[in-house]
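# Close look at the chain arrangement
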Amino acid sequence: MIATLKYDDREIAQVEQKEFVNYICKEFSINEKSLYSGYYKKLKDVQEKCNLLDVVETIQKNAEAIKGFIQINNDYNNDVFTALAVLKLAIKLHLNENLNRLNNRIT
């Protein structure tokens, strides 16, 4: 008999958060230790609206553009600003992609 693996929503959310943070820290040279608990709260808020792994995919597609924006706007070279900017830009891009897909289906 094959045992089924059961994960609760909290465990899945934690894995998504860890993958997201690992990816942005690596891609954008962010020190993970500089991220504070408020950042993780923001990630939880995002997870209520969309899948963080989908947002990572959007970041991967647009990494160079996001890096360019951050380079222009991050005067202090601050890891927290960078992490928040990546999250905010990625969500906007992700939502725009979904909106464009929906518009294409309608028209």
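Residues numbered from 1 in each chain as written. Predicted model: local features only at pLDDT ≥ 70, side-chain atom pairs only at ≥ 80, totals over all residues. Heavy atoms only, no water.

This part covers the side chain of Thr-58. For Thr-58, the location among the structural elements is in helix α3 (residues 52-73). Excluding residues that lie within four positions of it along the chain, Thr-58 makes contacts with Ala-90, Leu-93, His-94 and Glu-97. (Helix = DSSP H or I, 4+ residues; strand = E, 2+ residues; numbered from the N terminus. Contact = heavy atoms within 4.5 Å.)

Here the structure, examined in full by the defined rule, presents 1 aromatic pair. Ring geometry for Tyr-39 versus Tyr-40: centroids 6.2 Å apart, planes at 90°, classification edge-to-face. Note on Tyr-39: relative accessible area 0%, which makes it buried. The residue whose ring lies beneath Lys-67 is Phe-28, and the NZ or CZ to ring-centre distance is 5.9 Å. (Phe/Tyr/Trp six-rings, centres within 6.5 Å; stacked < 30°, edge-to-face > 60°. Buried < 20%, exposed > 50% of the residue type's maximum accessible area, 1.4 Å probe, protein only. Lys NZ or Arg CZ within 6 Å of the ring centre and 35° of its normal.)

Our focus in this paragraph is helix α1 (residues 9-27). Helix length check: α1, at 19 residues, gives a terminal C-alpha distance of 27 Å against a target of 27 Å (1.5 Å per residue), a fit within 8%. Residues Glu-16, Gln-17, Phe-20, Val-21, Tyr-23, Ile-24 and Cys-25 constitute the buried set of α1. Summarising the contacts, the buried residues of α1 are in contact with α2 (37-47), α3 and α4 (79-106). Just beyond α1, the residue with positive phi is Ser-29, at close to 50°. (Expected span 1.5 Å × (residues − 1).)

Put simply, α1 and α2 touch, their axes get as near as 11 Å, and they point 120° apart. In this view, α1 runs oblique relative to α2, as classed from their interaxial angle. Taken as a pair, α1 and α2 cross one another with a handedness that is right-handed. Each of Ala-13, Glu-16, Gln-17, Phe-20, Val-21 and Ile-24 in α1 lies in contact with α2, whose residues at this interface are Tyr-39, Tyr-40, Leu-43, Lys-44 and Gln-47. Residues belonging to the contact of α1 with α2 are distributed by class as follows: 7 nonpolar, 2 polar and 2 charged. (Axes fitted to C-alpha atoms, helices over the stretch in contact; angles between N-to-C directions. Parallel < 35°, antiparallel > 145°, perpendicular 65-115°, else oblique. Left-handed = near helix turned anticlockwise from the far one by under 90°. Nonpolar A, V, L, I, M, F, W, Y, C, P; charged D, E, K, R; others polar.)

Turning to the environment of Leu-93, a few remarks are in order. You can see Leu-93 is positioned in helix α4. We classify Leu-93 as partly exposed; its relative accessible area is 28%. In this structure, Leu-93 is in contact with Thr-58, Asn-62 and Ile-66, ignoring residues within four places of it in sequence.

Now for the environment of Asn-51. Of note, Asn-51 is situated in the loop between α2 and α3. Classification of Asn-51 as partly exposed rests on a relative accessible area of 30%. The spacing of Asn-51 and Ala-13 is 38 residues in sequence and 8.9 Å in space, taken between C-alpha atoms. Engagement of the side chain of Asn-51 in a polar contact is seen with the backbone nitrogen of Leu-53, the distance being 2.6 Å. (Polar contact = N/O pair within 3.5 Å; in protein donor to acceptor, adjacent residues only side chain to side chain.)

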